[in-house]
Amino acid sequence: MRRMLIIQCIILWIISYDTYSQTIPSVDKWMEYVEELAEETEDTERVEALYSDLSYLAEHPFDLNAITREELERLPFLSDRQIEGILSYRERYGKMMSVYELKNIKELDFRTITYLVPFVRVGDISVEKRPFTVKNLLKYGRNELQFRYDQCFQQKKGYRDYPDSVLQKYPNRKYLGEPFYNSLRYSYTFDDRLQMGFVAEKDAGEPFWNSRHKGYDFYSAHFFLRDMGWLKSLAIGDYKISFGQGLVISNDFSLGRTTLVTQGERRNNGFRRHFSTNEQDFFRGMASTLSFGNLDISMFYSYRKIDAGVEKLSFTSLKTDGLHRLERDWEKRRTIPMRTYGGNIRYATPRFHVGLTALAYSFGKYRMEPEPKPYNLFYFRGSDNVNMSVNYMLKNSYLKFYGEMALSKNGAIATLNALRLTPASYISFLALYRYYDRHYQALFGNAFSQGSSVQNERGVYMGMSLTPIAHWRCSFYMDLFRFPWLKYGVDAPSGGKEYMAQVDYTPGERYSAYLRYKFRQKEENVTREDENIVKIEPYKQHRIRFQQVYNISSFLFKTSLDGVLAERYGEKDSKGFMLSQSAGWKPGSIPFQADVYLSWFHTDDYDSRISSYEKNILYAFNMPSFYGHGVRFALTFRLDLWKRLSFSMKLAHTHYWDRDLIGTDTEEIEGSDKTDLYALLRWKF
């Protein structure tokens, strides 16, 4: 009798939840877009930040009848033409009655619509903003609290017990803290005009509650206002900045060379809240933008302590990984004061804008002094620097010309200029030229490039996207580049090239597939056996990928096949293969969804490593790389315990057939298996 009562309660709970569950999008296709971005970059922290931002927007979709141009520009997969199409349709036909009206906008293809749907909704007929009153703030404000916990089940070398005598001699053999990751995040929002919250985080290995440290390792808080008449934005606490094309400053992920081959422009402009666990890529202080018609005036000030190893008031480089697990990490923790201030003046209309950016930063009494090496001859040295730039954009219905020219304190320049041509909705072309002087120095620069900084590079990029017939799309790009001065590991001026071709087939909402080939060539140091000298030789890499996605009722299946061939001078070619299959179940009648991922990989070595995206818990991005011979299994599920309370968990396991040790140094695991747990509890109130 008791068992029957429990079963009846469960059935009633599921039935009562049915209406709410219908609002959940069936497929999060936009995640495939982020997956493609992650495959083309090593800037994993910014990819994770972008994923977190998009995850938040998907959880808090825009109202199609109130969405603005700036809000649409926050979605990087939308082109200018598509944004214009959405706004023009609404202006011509009035308020939309359903998101399915997006199919009537000729500028939107089916793939873009599947990306867009999770980020938009159709709300009430009235779209007027509610006034700021205490009653409205309490009644209509949205609160969200997240608690996340991750842990690896196997013991890593950094957590082993060592005698005190060994630790006194080798203090960096053992982590200072506990073997789990934990974060706590809270946010309050009032119709996107008011955002405030805080983040607290500790990485695995960092001390949380022991004799060394009490509490989290990283804390962040923000208060953000926007669209308050002439006060366009106000940030207090932690925030992000982006101006121009990133030659001076940008905290955004650089789109660069992706399968959206004609989307190379930075469109974010101004300030945004910092609500991620990234411990480096943000500013702390105050920032504001005042708007007077078409003129925006932005100002900001930031002061915070950053990580670096200091000796006699100088440091060789900044520590940017945010990890404080070892004694040497703790010694570098928040040692350098960094003061940053500047502003931007921007005049903008829908078809034209021009902006002037100025920024200065200093390290107080400390100086950055990299150890003199031939390759870092032109790196920044000193205690302060200044950057200035002018950015512009001019466009009409078919043509867009944009770019930026920047100057650093030493007189060196960097410039990026691009021309985008869209003669029809089924074809677009982009040509981009960049020149970053070897002397140019911009600590916060983050622009279109092949290198890791905006320095010592020149190149030409050309991309074309074509839809020759219905359901088919072809994408191509070519990037030719050169590094006029030495680079780390390359003892002479060098160059390279990169090509990509992809064909997409999307016959309908039930099936899609693509085939992609990518070739990259760069140069590196090689020591010949018969000669006692170092020469520069090309390193080539070929990558090919086939992927198909198909829906059957409430199930989503994705099959991927990856191949890699790496060629180095005088060495045997390195080959790698991976076959992966995932299946997702997201029914509309019960508050539960699950994803299963299984892959087999076989690569010769690290050069032929392969990355593969797998579903993770909410707001967390995961795209691990594998090399060697093994299998990977992951199970992810989300259970909505009630309308406002949800629990997500992921269990991931990797087994290797070719090794008895996994990882290196303090991350080393004895054995051939590695198992990780990720869990997230979210409460919306």
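Residues numbered from 1 in each chain as written. Predicted model: local features only at pLDDT ≥ 70, side-chain atom pairs only at ≥ 80, totals over all residues. Heavy atoms only, no water.

(A) Focus on unusual backbone geometry. Even without being glycine, K312 reaches a positive phi, approximately 55°. Among the structural elements, K312 can be located in the loop between strand 10 (295-311) and strand 11 (314-319). Note on K312: relative accessible area 78%, which makes it exposed. Residue S553 is not a glycine yet carries a positive backbone phi of 55°. Position of S553 relative to the elements: it lies in the loop between strand 23 (534-552) and strand 24 (555-567). (Helix = DSSP H or I, 4+ residues; strand = E, 2+ residues; numbered from the N terminus. Buried < 20%, exposed > 50% of the residue type's maximum accessible area, 1.4 Å probe, protein only.)

(B) Up close: the pairing of strand 16 (residues 399-408). In this structure, strand 15 (residues 384-395) lies alongside strand 16, joined through 9 bridges in antiparallel fashion. The residue bridging Y392 from the neighbouring strand is G403, located in strand 16. Connecting strand 15 to the antiparallel partner strand 16 that follows it, the hairpin turn spans 3 residues. In textbook terms, the turn of a hairpin is the stretch between consecutive antiparallel strands, and for strand 16 and strand 17 (residues 413-424) this stretch comprises 4 residues, one of which, G411, has a positive phi near 90°. (Pairing = 2+ DSSP bridges.)

(C) Structural context of the pattern of salt bridges. Inspection of every chain in the model, using the stated rule, returns 38 salt bridges. E371 serves as the salt-bridge partner of K373, at 3.9 Å between the closest nitrogen and oxygen. Judged by relative accessible area, which is 37%, K373 ranks as partly exposed. Ionic pairing is found between E614 and R632, a salt bridge with its closest N-O pair at 2.6 Å. Residue E614 is located in the loop between strand 27 (610-611) and strand 28 (625-626), and its partner R632 is located in strand 29 (residues 629-642); the two are separated by 18 residues in the primary sequence. Residue E614 is classed as buried on the basis of its relative accessible area, which comes to 1%. (Salt bridge = Lys/Arg side-chain N within 4 Å of Asp/Glu carboxyl O.)

(D) Representation of helix 5 (residues 80-93) within the structure. Look at helix 5: 20 Å from first C-alpha to last across 14 residues, which is about the 20 Å you get at 1.5 Å a residue. Within helix 5, the full set of buried residues consists of D80, Q82, I83, G85, I86, L87 and Y89. Against helix 4 (69-72), helix 6 (110-116), strand 15, strand 16 and strand 17 lie the buried residues of helix 5. Following helix 5 by one or two positions, G94 adopts a phi angle in the positive range, close to 85°. (Expected span 1.5 Å × (residues − 1). Contact = heavy atoms within 4.5 Å.)

In short, the description is geometric, and any link to function would need to be established separately.
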